[in-house]
Amino acid sequence: MNLKSDISSVKGVGEKTSAVFRDIGINTVEDLIHYYPRTYEKFENITAIKDVISGERNAVYGCLISDAKMLRFSGKTMITAYARDKDGNSIEIKYFNANYLLKVLKRGSFYVFRGYVKTVGARYMMTQPQMYKLDEYEKLQGTIGPIYSSTKDLSAARIAKNIQNCIDVRNEYEEYLSSDEMAEGNMLGLAESLYNIHMPGNEEMLYKARRRLVFEEFLDFYKGFRMQEGGYERPQNKNPFVEVADCKRLEDRLPFALTNAQKKAIEEIIKDITGPYLMNRLVQGDVGSGKTLVALMALITAAANNAQGALMAPTEVLAVQHYTNIMKMSSDYGLCIKPVILFGKMPKKARTEVLEKIRTGEANVIIGTHALFQDEVEFKNLKLVITDEQHRFGVNQREALRDKGIDAHILVMSATPIPRTLAMVMYGNVDISIMNELPKNRLPINNCVVDSSFQKKSLDFIESEIKKGHQAYIICPMIDESEEDNFNLKNVTEFTKELKEHYGDRARIVCLHGKMKSDEKNRIMDSFKDGLYDILVSTTVIEVGVDVPNATVIMIENAERFGLSQLHQLRGRVGRGDSQSYCILVSDAKNQESISRLKVLNETNDGFEIARKDIELRGPGELSGVKQSGALSFSLGDIMNDSDVFMLVINMYDRIFERIKDRVSRRIDFRTI
Ligand code: ADP
Ligand code: MG
């Protein structure tokens, strides 16, 4: 067996398993050893029930004091049982939709239960814990175990076993870095890294292994970029637009003055699209800096020049919001544009109509999600493509567009600060407009970090804002109770119920989450925007771009569960009008790291500063960071969180080029499972 051997040559991988592996893009042994764990878990020592820490994961060992019982409610089943440990304390164990456990959880049997514990008075509860036999658990205790993304036909444990059976092939890789270079990057050797990413010796080894494998991914990517540098020459602008009076007219009619940063960005864009080369520009502006208007000016210019412009948003909620806003401005200010919206799950009839309008040119501003670039969408004369929150899409828009035969001006708008060098790599030869100024009417957002004992006070505060006619967001990390093994996390379903009870008729409350049908989501978002509700309880579906200037409070539950930049984006949902706004971060996290991270948000409202601190505060302590940018399809690396590794690649590249120039890049995009 070697790196290139077929996947079926791994011991234990039969015909059926090979087929499943192939299905997710794993064909060779090499592919398999680069199938990295999704996350890791550390197996805690077994604790006495009286010593468990509420809100954290614990492992307890006990004997079932009765057979498990089953309850049915709203289409689900719940299994409950009680386990007692040797001190005589007992804990309630709950599982959802796991009827087979009725046969397993029998009176008198002993198990280790491992899961998140919640205490209510003197009652201990654990939801969906993992179960082990004692000797089985004792072997795991203290180790760090990998968790792989699994499918129905391929369990995580099976993948782990298969990888163990072929991990020796890692030694075929030749090391090309010197030990000094590895030390410089705080990385392990390549073969050692492959071993430790799957079977970490300890947290520090895992950290260094991960850095090295991220380095490998970025190096391949950067090499690709450097090798085709010539290909990034700027295409000619064959039919330059002419500047039109419509933009100025809109500016004059707006109820507010454009900020200087907006004026400058608009000027730069107009100069590009009326100039000799196609535009490739990145507008980088913090949340709330008014990027949508800047985009609109470009769209107006294209429309007035008889061309089509597209505006692509990362989520449907956001696309709909752009559409509604732009339609409203179009009628309020008599603009020359004819907008349509297109997204994946539209009713067939409406979709056919929209497609027809795009094809004939009857529509000249086309707003949507990435559904805009599906094969059946045929543009009459697309000359401008704007992507909002670009870091959430893949990279190199121009290439993707060129594949469709479209040579258009490209404008990307992002609230995420990226170092210039990185932007050049991500977007090719790109110009950058920085919008470092918020509209004048904005007051800085007031922040606080509190624990859940402040809930009553927070809710009273929200009520006082509602009385003033304002609105509020409340963000929870989960959708409903059965979603994860950790039921200490707030979920929108339960919390909405609680809030409705708490407020009675003093507040109109609605909930929103990603599993809802898209027209329902849009309806709720619209009603909230129209002021039909006072409080929107939501998951992070509202994270990007949502604009309801009348909302003045955002309360984020379990704030420690979110990345800093993500929290900053969420906070950016308020402070969009001229009233004082507030952000309440709720966290019961006890560890110092979480607390100092959240304090950063307390100290600054500057997105650039936050991104920098976020990176600084990460370290070996964090086994699996929250992927923040989602940009580029790296298996491990995250262009934002790991930007220091990217910089390392850029700095080392010329020095190590001779050693890697013949190396075959192996970028694989595993189908996400
Ligand atoms: P972002 O940069 O986060 O995309 P938006 O474009 O959504 O920001 O703008 C946020 C809000 O600010 C919108 O309600 C918009 O109408 C308003 N706005 C934009 N420019 C200005 C300005 N110059 N003065 C006051 N309000 C503005
Ligand atoms: Mg925006």
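Residues numbered from 1 in each chain as written. Chains lettered and ligands numbered in written order. Predicted model: local features only at pLDDT ≥ 70, side-chain atom pairs only at ≥ 80, totals over all residues. Heavy atoms only, no water.

J.: Let's hear about the environment of Ile 49: which residues, and what values?
T.: Relative to the elements of secondary structure, Ile 49 occurs in the loop between β1 (39-42) and β2 (57-64). Sequence separation of Ile 49 and Ile 33 is 16 residues, and the distance between their C-alpha atoms is 39 Å. (Helix = DSSP H or I, 4+ residues; strand = E, 2+ residues; numbered from the N terminus.)

J.: Please give an account of the packing of aromatic side chains that cites residues and values.
T.: Applying the stated criterion across every chain, the model contains 15 aromatic pairs. An angle of 90 degrees between the planes, with centres 5.1 Å apart, marks the rings of Tyr 222 and Tyr 653 as edge-to-face. Within this pair, whereas Tyr 222 is found in helix α8 (residues 203-227), its partner Tyr 653 is found in helix α22 (residues 643-660), the two being separated by 431 residues in sequence. In this structure, Tyr 222 and Tyr 653 share a single accessibility class: buried. Aromatic side chains Tyr 653 and Phe 657 sit 5.6 Å apart centroid to centroid with 45 degrees between the ring planes, which places their arrangement in the tilted category. Taken as a pair, Tyr 653 and Phe 657 lie in helix α22 at a separation of four residues, close to a single helical turn. Three or more aromatic residues joined by ring pairs make a cluster, and in this case those are Phe 218, Phe 221, Tyr 222, Phe 646, Tyr 653 and Phe 657. Here the basic side chain of Arg 212 rests over the ring of Tyr 176, its NZ or CZ set 5.3 Å away from the ring centre. A cation over an aromatic ring shows up here: Lys 490 above the ring of Phe 495, its NZ or CZ 4.8 Å from the ring centre. (Phe/Tyr/Trp six-rings, centres within 6.5 Å; stacked < 30°, edge-to-face > 60°. Buried < 20%, exposed > 50% of the residue type's maximum accessible area, 1.4 Å probe, protein only. Lys NZ or Arg CZ within 6 Å of the ring centre and 35° of its normal.)

J.: Describe the sheet that holds strand β14 (residues 382-388), with residues and values.
T.: An order of β12-β13-β11-β14-β15-β10-β16 is seen for the seven strands of this open sheet, with the pairing classed as parallel. Looking along the sheet, the strands with just one partner apiece sit at the ends: β12 (339-342) and β16 (431-435). The average undirected angle you get between the axes of adjacent strands in this sheet is 20 degrees. Across four bridges, strand β11 (residues 308-312) lies against strand β13 (residues 365-368) in parallel orientation. Bridge pairing in β13 places Ala 310 opposite Ile 366. Docked against the sheet, helix α12 (residues 316-333) engages β11, β12, β13 and β14, running at close to 170 degrees with respect to β12. The strands touched by helix α13 (residues 348-360) within the sheet are β11, β12 and β13, with β12 carrying the most contacts at an inclination of about 130 degrees. (Pairing = 2+ DSSP bridges. Axes fitted to C-alpha atoms, helices over the stretch in contact; angles between N-to-C directions. Contact = heavy atoms within 4.5 Å.)

J.: Requested: an account of the packing of helix α11 (residues 291-304) against α12, with residues and values cited.
T.: Across the interface, α11 lies against α12 with an axial gap of 12 Å and an inter-helix angle of 60 degrees. In this structure, α11 meets α12 at a crossing whose hand is right-handed. Residues Thr 292, Leu 293, Leu 296 and Leu 299 of α11 touch α12, and the partners they reach there are His 322, Ile 326 and Met 329. Here the residues of the contact of α11 with α12 sort into five nonpolar, two polar and no charged. (Left-handed = near helix turned anticlockwise from the far one by under 90°. Nonpolar A, V, L, I, M, F, W, Y, C, P; charged D, E, K, R; others polar.)

J.: I'd like a rundown of the environment of Glu 560, residues and numbers included.
T.: Residue position: Glu 560 is located in the loop between β21 (551-556) and α19 (564-571). Separated by 145 residues in the primary sequence, Glu 560 and Ala 415 place their C-alpha atoms 21 Å from one another. The residues touching Glu 560, leaving out its near neighbours within four places in the chain, are Val 586, Ser 587, Asp 588, Ala 589, Ser 594, Arg 597 and Leu 598.

J.: Which residues make up the side chain of Glu 181, and what values go with them?
T.: Summarising the element assignment, Glu 181 is placed in helix α6 (residues 179-184). The exposure class of Glu 181 is buried, given its relative accessible area of 6%. Apart from the residues within four sequence positions on either side, Glu 181 is in contact with Tyr 176, Met 187, Met 652, Arg 655, Ile 656 and Arg 659.

J.: Please provide a residue-by-residue account of the pattern of salt bridges, values included.
T.: Applying the stated criterion across every chain yields a total of 36 salt bridges. A salt bridge links Arg 123 to Glu 92; the shortest N-O distance between them is 3.0 Å. You can see Arg 123 sitting in strand β7 (residues 123-127) and its partner Glu 92 sitting in strand β5 (residues 90-96), a full 31 residues away along the chain. Since its relative accessible area comes to 8%, Glu 92 is described here as buried. Across the pair Glu 216 and Arg 212 runs a salt bridge whose closest N-O atoms are separated by 3.0 Å. Linking Glu 216 with Arg 212, this pair stays in helix α8, spanning four residues, or about one helical turn. Overall, the relative accessible area of 9% leaves Glu 216 in the buried class. Salt bridges sharing partners connect three or more residues here, namely Glu 175, Arg 212, Glu 216, Asp 220 and Arg 663. (Salt bridge = Lys/Arg side-chain N within 4 Å of Asp/Glu carboxyl O.)

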